[in-house]
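Each chain, letter by letter, is given below.
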Amino acid sequence: MRKEIIGILLFFLLVFVLVSLVSYHPQDPSLNNATAGNHIENLFGLVGAYLADALIGLFGLAAFWMPILLLFMSIQFFADRLPLAFGLTLAGGLLLILTSAALLAYQQDHYVVFGNRFSSGGWIGIHLKKGLFRYTNPTGGGIILSLVWVVGFILMTGFS
């Protein structure tokens with residue numbers, strides 16, 4: 001019974017993160033934007049605005065992998081899988097988010113999605129890309145990131 005409760009909580013967190021990210025608006029109050037207005041565009045209000053801003057600031061567009069990761073994690077609890085499967089799903093999802101952030105930052109600084117300007121890889125993705133490319137050059141860095149992305153995808157989804 002406790003596993004089902006955790007699965008339901010993870011599913012709620014999935015909906016919360018997804019709705020917050022999709023309804024993200026750069027002019028909402030957040031850590032990066034101090035506004036005097038009381039009007040908040042985010043559908044989860046102030047908490048959703050802060051969450052979306054933090055995730056997009058850290059991971060850029062790769063933050064949209066977060067709801068998918070939460071979906072697979074909640075499925076692990078509902079399917080009554082071993083704790084090892086949950087750990088592999090979590091590790092794969094984190095690899096996928098980090099490498100996606102760096103790969104998105106590889107091409108350009110920002111993208112326009114839903115009429116809003118998003119950081120391509122966020123703070124973490126940009127710094128990961130810079131550090132990796134400093135030592136492996138863009139070609140080597142791109143190959144390494146692609147390989148780790150595929151490993152993360154396989155670990156998170158179980159697809160092979």
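Bear in mind the structure is a predicted one, so any value in this text is a computation, not a measurement. (Residues numbered from 1 in each chain as written. Predicted model: local features only at pLDDT ≥ 70, side-chain atom pairs only at ≥ 80, totals over all residues. Heavy atoms only, no water.)

Caption draft 1: Up close: the pairing of strand E2 (residues 116-119). Judged by which residues are buried, E2 turns out to be one-sided: Asn116 and Phe118 face inward and are buried, whereas Arg117 and Ser119, on the alternate face, are not. Here strand E1 (residues 110-113) runs beside E2; their pairing, made up of four bridges, is antiparallel. Residue pairing across strands places Val113 opposite Asn116, the latter belonging to E2. (Buried < 20%, exposed > 50% of the residue type's maximum accessible area, 1.4 Å probe, protein only. Helix = DSSP H or I, 4+ residues; strand = E, 2+ residues; numbered from the N terminus. Pairing = 2+ DSSP bridges.)

Caption draft 2: Region of interest: the nonpolar core. Residues Leu21, Leu55, Phe59, Met66 and Ile97 are the most contacted members of the largest nonpolar core, which totals 24 residues. Sorting the residues of this core by element identifies helix H1 (2-22), helix H2 (45-59), helix H3 (65-78) and helix H4 (83-107) as the ones contributing at least two each. The leading source of residues in this core is H3, at seven residues. Contact partners of Phe59, with chain neighbours within four places excluded, come to Met66, Ile97, Leu98, Ala101, Ser120, Gly121, Gly122 and Ile124. (Core = buried A, V, L, I, M, F, W, Y, C linked by side-chain atoms within 4.5 Å. Contact = heavy atoms within 4.5 Å.)

Caption draft 3: Representation of the confidence of the model for the protein. Of the residues in the protein, 95% reach a pLDDT of 70 or more, and the chain-wide mean stands at 87. Between the elements of the protein, mean pLDDT differs from a low of 76, seen in E2, to a high of 93, seen in helix H5 (residues 122-157). (pLDDT = per-residue confidence, 0-100.)

Caption draft 4: Layout of empty space enclosed by the protein. For the structure on display, the rule yields one cavity of 30 Å³ or more. Approximately 30 Å³ is the volume found for the largest cavity. A breakdown of the residues in the lining of the largest cavity according to their chemical character gives four nonpolar, two polar and two charged. (1 Å grid on protein atoms, 1.4 Å probe; cavity = no way out; pocket = protein on both sides within 12 Å on 5 of 7 lines; lining within 4 Å. Points joined across faces, edges and corners; volume = space filled by probe spheres on them. Nonpolar A, V, L, I, M, F, W, Y, C, P; charged D, E, K, R; others polar.)

Caption draft 5: Inspection of the packing of aromatic side chains at higher detail. Scanning the model with the defined rule gives six aromatic pairs in all. On the basis of an interplanar angle of 5° and a centroid distance of 5.5 Å, the ring pair of Trp149 and Phe153 is categorised as stacked. In this pair, Trp149 and Phe153 both sit in helix H5, four residues apart, roughly one turn of the helix. For Trp149, a relative accessible area of 25% translates into the label partly exposed. Taking the relative accessible area as the measure of exposure, Phe153 reaches 26% and is therefore partly exposed. (Phe/Tyr/Trp six-rings, centres within 6.5 Å; stacked < 30°, edge-to-face > 60°.)

Caption draft 6: Here's a closer look at the side chain of Ser20. For Ser20, the location among the structural elements is in helix H1. When near neighbours in sequence (up to four residues on either side) are disregarded, Ser20 contacts Asn42, Phe44, Gly48, Leu51 and Ala52.

Caption draft 7: Main features of the packing of H1 against H2. Closest axis-to-axis distance for the H1/H2 pair is 8 Å, and the angle between their directions is 80°. Classified by the interaxial angle, the pair formed by H1 and H2 is roughly perpendicular. Contacts between H1 and H2 involve Phe16, Val17, Ser20 and Leu21 on the former and, on the latter, Val47, Gly48, Leu51, Ala52, Leu55 and Ile56. Tallied by class, the residues present in the contact of H1 with H2 amount to eight nonpolar, two polar and no charged. (Axes fitted to C-alpha atoms, helices over the stretch in contact; angles between N-to-C directions. Parallel < 35°, antiparallel > 145°, perpendicular 65-115°, else oblique.)

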